[in-house]
Amino acid sequence: MEAREEAGLSKSTAVLSCTAMALLYVGILYTPTLILRLPQPSSFKEFLLRRFVCAAIASVVSVAACALILPVNIKEIPSLLGIYGVRMDHVWQAVVYPLCLTSLMYAGSMVLKLLLVVEAMKEHMDRGGGVLDFARDLLQNFGSWVSSAVSNILAWRNLIVAPVTEELVFRACMIPLLLCGGFEPYIVIGLCPILFSLAHLNHWMEIYCQQNYSVIKASMVVGLQLSYTVIFGSYASFLFIRTGHLVSPLLAHVFCNFMGLPVFFARKKGGMVALVFAAGVISFIWLLFPLTQPDLYHERTDDCRCWHGFCSWN
């Protein structure tokens, strides 16, 4: 706490800075047409490419602003990168433990996919096919999916651009600002997701105008999305504060975008899927703090040099 007070960053400055970053992240998406007066994109791919550029600019501006606002020496690159959670130590722990923890919430989804593969294999064998032939077809289908995903602009948005830019802005920049401003970690975990959800409010206007939904229906759709973003934003903020690694919430973000909403029931084998989902949730809650213990991600937690205090939060 003494380090935070010496820093001289007030709570109001931290909140206003984070709010400005959130508004910039959303507002810059409309700059090409509203301010620069560029013609409307001729295709969906061009539309998304413009947004990729805008999101990248917003991220760079936020990172630069954060370095200027925080009371750190911007010439000390390693220390500055560490504040953003870009570290080379304990990388495998930051990758494996949070990813395994996140996957527990998708235990039902993964079991359902496994059951579908087993059913497909049985059908293949009933037609006289062999296990090796099925495995080869499965690998070929996976290769085709990967090839298709590489050329799919939506896959780039969901699995690369959105996770990287959002985690840079809403975790790597905002969390150090709020912690330096004197907010306790549990407050930050609740505040960052609110700002994170505000960055998705533009979806309401897009759904309402482009898909001709009613106000109520558009509000319900966006409300569900915002609820999910608040929950995930809290979890991602928790991971960043506990581990001190940006890669932890980043990979969790990619994994969640890849998997979609967790499956907790299915028409076929619904009882088994529901049981596995419940077991996964219980395991997730049970392992949440043990698998994110700060001493798993730092050499020294008793005499910690990370001024924003993530490794001293036990």
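- The protein has the name intramembrane prenyl-peptidase Rce1 in an unreviewed UniProt entry, where Linum tenue is given as its organism.
- Word for word, the UniProt comment on the protein under Subcellular location (unreviewed entry) is "Endoplasmic reticulum membrane".
- In the Catalytic activity (unreviewed entry) part of its UniProt record, the protein is described as follows: "Hydrolyzes the peptide bond -P2-(S-farnesyl or geranylgeranyl)C-P1'-P2'-P3'-COOH where P1' and P2' are amino acids with aliphatic sidechains and P3' is any C-terminal residue."

1. Some points on unusual backbone geometry
Right, so step 1: Despite not being glycine, Arg37 has its phi angle at roughly 60 degrees, a positive value.
Right, so step 2: Tracing the sequence through the fold places Arg37 in the loop between helix H3 (31-34) and helix H4 (44-69).
Right, so step 3: For His90, which is not a glycine, the phi torsion comes out positive at approximately 55 degrees.
Right, so step 4: Among the secondary structure elements, His90 is positioned in the loop between helix H5 (77-83) and helix H6 (91-104).

2. Some thoughts on the packing of aromatic side chains
Right, so step 1: The final tally for this structure, using the stated rule, is nine aromatic pairs.
Right, so step 2: Ring geometry for Tyr25 versus Phe170: centroids 5.5 Å apart, planes at 75 degrees, classification edge-to-face. Within this pair, whereas Tyr25 is found in helix H2 (residues 11-27), its partner Phe170 is found in helix H9 (residues 153-180), the two being separated by 145 residues in sequence. Of the two residues, Tyr25 and Phe170, both sit in the buried class.
Right, so step 3: A ring pair is formed by Phe238 and Phe289, whose centres lie 5.4 Å apart and whose planes are at 85 degrees; its orientation type is edge-to-face. Taken together, the positions of Phe238 in helix H12 (residues 215-243) and Phe289 in the segment after helix H14 (270-287) put the pair 51 residues apart, joining distant regions of the chain.
Right, so step 4: According to the relative accessible area criterion, Phe238 is buried, its value standing at 7%.
Right, so step 5: Following the ring pairs from residue to residue traces out a cluster consisting of Trp92, Tyr97 and Tyr297.
Right, so step 6: Positioned above the aromatic ring of Phe183 is the side chain of Lys11, whose terminal nitrogen or guanidinium carbon lies 5.2 Å from the ring centre.

3. A few points about the nonpolar core
Right, so step 1: Core analysis: the biggest nonpolar cluster contains 49 residues, and Met174 and Val188 have the highest contact counts within it.
Right, so step 2: Elements supplying a minimum of two residues to this core: H2, H4, H5, H9, helix H10 (185-198), H12 and helix H13 (247-259).
Right, so step 3: For this core, the leading source of residues is H9, giving ten residues.
Right, so step 4: Discounting residues that sit within four places of it in the chain, Val188 has contacts with Ile175, Leu178, Leu179, Phe183, Pro193 and Ile241.

4. Things to note about the confidence of the model for the protein
Right, so step 1: Here the protein averages 83 in pLDDT, while 82% of its residues score no lower than 70.
Right, so step 2: Of all helices and strands in the protein, the one with the weakest mean pLDDT is helix H1 (residues 2-7) (42), whereas H6 scores best (96).
Right, so step 3: In this model, residues 1-7 is a region of pLDDT below 50 whose contacts with residues beyond four sequence positions or in other chains number ten contacts.
Right, so step 4: Of the regions scoring below 50 in pLDDT, residues 310-314 engages in 21 contacts with residues more than four places distant in sequence or in other chains.

5. Thoughts on the packing of H2 against H10
Right, so step 1: As a packed pair, H2 and H10 sit with axes 9 Å apart at the nearest point and diverge in direction by 25 degrees. Here H2 is positioned roughly parallel relative to H10, judged by the angle of their axes. Note on packing geometry: the crossing formed by H2 with H10 is right-handed. Contact residues: H2 offers Val15, Cys18, Thr19, Ala22 and Val26, while H10 offers Leu191, Leu195 and Leu198.

6. Observations regarding the side chain of Gln93
Right, so step 1: Tracing the backbone through its elements, the reader meets Gln93 in helix H6.
Right, so step 2: By relative accessible area, which is 12% here, Gln93 ends up buried.
Right, so step 3: At 3.1 Å, the side chain of Gln93 and the side chain of Trp92 are in polar contact.
Right, so step 4: Apart from the residues within four sequence positions on either side, Gln93 is in contact with Pro98, Leu296 and Tyr297.

Conventions and cut-offs
Residues numbered from 1 in each chain as written. Predicted model: local features only at pLDDT ≥ 70, side-chain atom pairs only at ≥ 80, totals over all residues. Heavy atoms only, no water. UniProt positions renumbered as here; feature names shortened; annotations may be inferred. Helix = DSSP H or I, 4+ residues; strand = E, 2+ residues; numbered from the N terminus. Phe/Tyr/Trp six-rings, centres within 6.5 Å; stacked < 30°, edge-to-face > 60°. Buried < 20%, exposed > 50% of the residue type's maximum accessible area, 1.4 Å probe, protein only. Lys NZ or Arg CZ within 6 Å of the ring centre and 35° of its normal. Core = buried A, V, L, I, M, F, W, Y, C linked by side-chain atoms within 4.5 Å. Contact = heavy atoms within 4.5 Å. pLDDT = per-residue confidence, 0-100. Axes fitted to C-alpha atoms, helices over the stretch in contact; angles between N-to-C directions. Parallel < 35°, antiparallel > 145°, perpendicular 65-115°, else oblique. Left-handed = near helix turned anticlockwise from the far one by under 90°. Polar contact = N/O pair within 3.5 Å; in protein donor to acceptor, adjacent residues only side chain to side chain.

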